[in-house]
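The lines below spell out each chain.
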Amino acid sequence: MSLIEAGDKGGIVSRGQFALSPETIAFLHSPDGLRQGKLRSSDSPELTLLFSPPEQAARNVDRLQGDQATSLFRSLTPKEMATALSAIGDLFTNPANLAKIKEYEKKQKESTALARPFVEEFKAVYGREIEEEELRDPKRREALLKDHPKLQARWNEFAQHLIDIRPVTTAHRSTIQLFQEQAQKILDDICGRSNLPPITFEFTREHKTFDGQATLSGSYHSSKIAIPEQRLAEEPMNKSDVVEIFAHETKHHEQQTWMMAKALEDIASDKPLADQIKAIQKRWKEDFNLEPTGDFIRDVHKRKAGHKLTEEERKRAESYERSHVEAKASGEKEEQILLLMAIEKTVKDKSAWDAFKIIDEFEKKLEGIPKDTLTDLIQQYKKNKGQEKAPETWDEKDAKETLDFWTGIWLPQLRSEVRTHYRTSVTENEANKVGLDAAEAAK
Ligand SMILES: [Zn+2]
């Protein structure tokens with residue numbers, strides 16, 4: 001980090017926590033940089049502005065001395081965000097790169113299709129599933145296939161396919177690696193300029209959210225941004241989509257950094273930092289269901305050194321905390337939704353009697369849901385509990401109707417409540433706005 005003092009050559013002015021990358025500094029001090037009087041497009045537009053005639057530079061200083069300049073962490077403007085992320089946008093949407101990823105996904109599907117007959121044949125021969133260990137260990141595998149020509153043939157087809165697709169696999173791997181490295185570099189730069197702890201970026205192959213709905217979007221968790229790589233192949237993104245995802249998830253990182261700065265003040269003591277870290281981790285897990293890493297906490301601690309949060313900064317951090325408590329409440333409702341879905345499905349597929357087993361086991365978790373209409377049935381069930389089947393006296397039809405009615409009312413209601421929680425979440429609203437603004441600026 002380097003700070004260029006006000007009134008420096010060429011009207012370059014900066015005050016406060018203004019981080020410049022080594023490349024920018026080198027360029028600024030090179031003959032080219034000083035002569036051209038402007039920065040490369042990859043540099044911050046704000047810096048480009050600052051690299052301007054002295055009168056204009058002075059105006060910019062006034063602007064920087066607002067809350068952003070004195071703030072511990074500095075949010076990039078949508079324009080800055082868009083500029084910084086534009087290179088990832090170009091890279092991720094480059095047709096030649098995408099072709100390699102799509103080809104790989106296609107081959108993956110073929111591999112699965114060829115593995116299936118082998119697995120089925122194995123089951124037909126041995127009456128059980130093949131274990132991964134057996135498959136990986138060539139000696140054990142050979143022994144299992146030796147006397148079964150059909151099984152051997154199925155295996156050969158599959159193995160040959162894996163050899164055939166090797167170039168595709170290699171090209172895919174290096175493309176993903178390139179994407180990952182470039183995205184990481186840009187995130188490092190963004191975090192450096194914002195004084196935020198580093199973010200790690202990775203691709204995953206999962207694309208499921210907690211509610212079990214398949215989704216192909218980015219996620220943020222414990223200083224880590226993840227994007228399912230299938231997102232690149234299955235749902236082609238344009239440049240502003242990429243900018244939006246990264247800007248959105250980076251905002252979540254900034255929000256949690258503010259929360260952590262507050263947590264460090266709240267828990268501050270004479271105890272060693274390691275103990276404070278443990279205390280924060282425990283509290284975050286309980287209060288927000290978040291799992292901050294020790295490195296992240298140490299990083300915020302280091303950056304915070306000497307800075308006491310202002311009243312305004314604490315309020316901001318508090319609003320983020322509330323948002324995470326709300327998200328946790330949504331998580332609890334989500335559990336109830338899953339339970340109700342299980343009950344609904346059991347009633348449909350098996351019997352009301354079996355559905356009552358679930359109600360009995362999870363009654364506590366179904367708290368808050370009025371069980372008036374069910375009381376008689378619960379009592380009946382409990383009296384005969386332990387039996388495999390419903391007794392003669394059990395009115396299956398009545399029980400089914402009651403449960404259908406019950407889930408029919410509560411499922412939609414809980415679902416809409418969960419949705420409302422998300423819509424009113426400060427962190428999500430803010431991240432959505434930042435993401436959209438940056439995407440718009442990238443167009
Ligand atoms: Zn979000």
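Residues numbered from 1 in each chain as written. Predicted model: local features only at pLDDT ≥ 70, side-chain atom pairs only at ≥ 80, totals over all residues.

**Q** What is the right way to read the packing of helix H6 (residues 78–92) against helix H11 (residues 166–194) from this model?
**A** Angle between the axes and distance between the axes: these two values describe a pair of packed helices. One way to put it is that H6 packs onto H11 with a least axis distance of 9 Å and a crossing angle of 170°. Comparing their axes, H11 and H6 come out roughly antiparallel. The segment H6 lies against H11, with Ala 84, Leu 85, Ala 87, Ile 88, Leu 91 and Phe 92 engaging Phe 179, Gln 182, Ala 183, Ile 186, Asp 189 and Ile 190. The residue makeup of the contact of H6 with H11, split by class, is 10 nonpolar, 1 polar and 1 charged. (Axes fitted to C-alpha atoms, helices over the stretch in contact; angles between N-to-C directions. Helix = DSSP H or I, 4+ residues; strand = E, 2+ residues; numbered from the N terminus. Parallel < 35°, antiparallel > 145°, perpendicular 65-115°, else oblique. Contact = placed C-beta atoms within 7 Å. Nonpolar A, V, L, I, M, F, W, Y, C, P; charged D, E, K, R; others polar.)

**Q** Quick question: what am I supposed to make of the confidence of the model for the chain here?
**A** Residues shown with low pLDDT carry predicted positions that ought not to be read at fine detail. Scored by pLDDT, the chain has a mean of 81; 82% of the residues are at 70 or more. Contacts from residues 1–70, a stretch scored under 50 in pLDDT, to residues over four places away or in other chains number 72 contacts. Below a pLDDT of 50 lies the segment residues 208–214, which in the model reaches 5 contacts outside its immediate sequence neighbourhood of four places, other chains included. (pLDDT = per-residue confidence, 0-100.)

**Q** When you look at the sheet that holds strand E2 (residues 219–221) in this model, what are you seeing that I'm missing?
**A** Within a sheet, each strand pairs with its neighbour through backbone hydrogen bonds, oriented either parallel or antiparallel. Taken in spatial order, the 3 strands make up an open sheet running E1-E3-E2, and their pairing is mixed. This sheet does not close on itself; its edge strands, each paired only once, are strand E1 (200–204) and E2. Averaged over all pairs of adjacent strands, the angle between their axes in this sheet comes to 30°, without regard to strand direction. Bridge count between E1 and strand E3 (residues 224–228): 5 bridges; the pairing is parallel. Bridge pairing in E3 links Phe 203 to Ile 227. (Pairing = 2+ DSSP bridges.)

**Q** Sorry if this is basic, but what is going on with the environment of Glu 229 here?
**A** In this fold, Glu 229 is placed in the loop between E3 and helix H12 (230–234). C-alpha separation for the pair Glu 229 and Gly 218, spaced 11 residues apart in sequence, amounts to 9.8 Å. With residues near it in sequence (within four places) discarded, Glu 229 still touches Ile 101, Ile 176, Phe 203 and Arg 205.

**Q** Even after reading the chapter, I still don't get unusual backbone geometry, so can you show me in this structure?
**A** Glycine aside, a negative phi is what most residues show, and trans is what most peptide bonds show. Positive phi, normally seen in glycine, also occurs at Asn 195, with a value near 65°. Within the element layout of this structure, Asn 195 appears in the loop between H11 and E1. A positive phi angle, near 65°, is found at Ser 223, a position not held by glycine.

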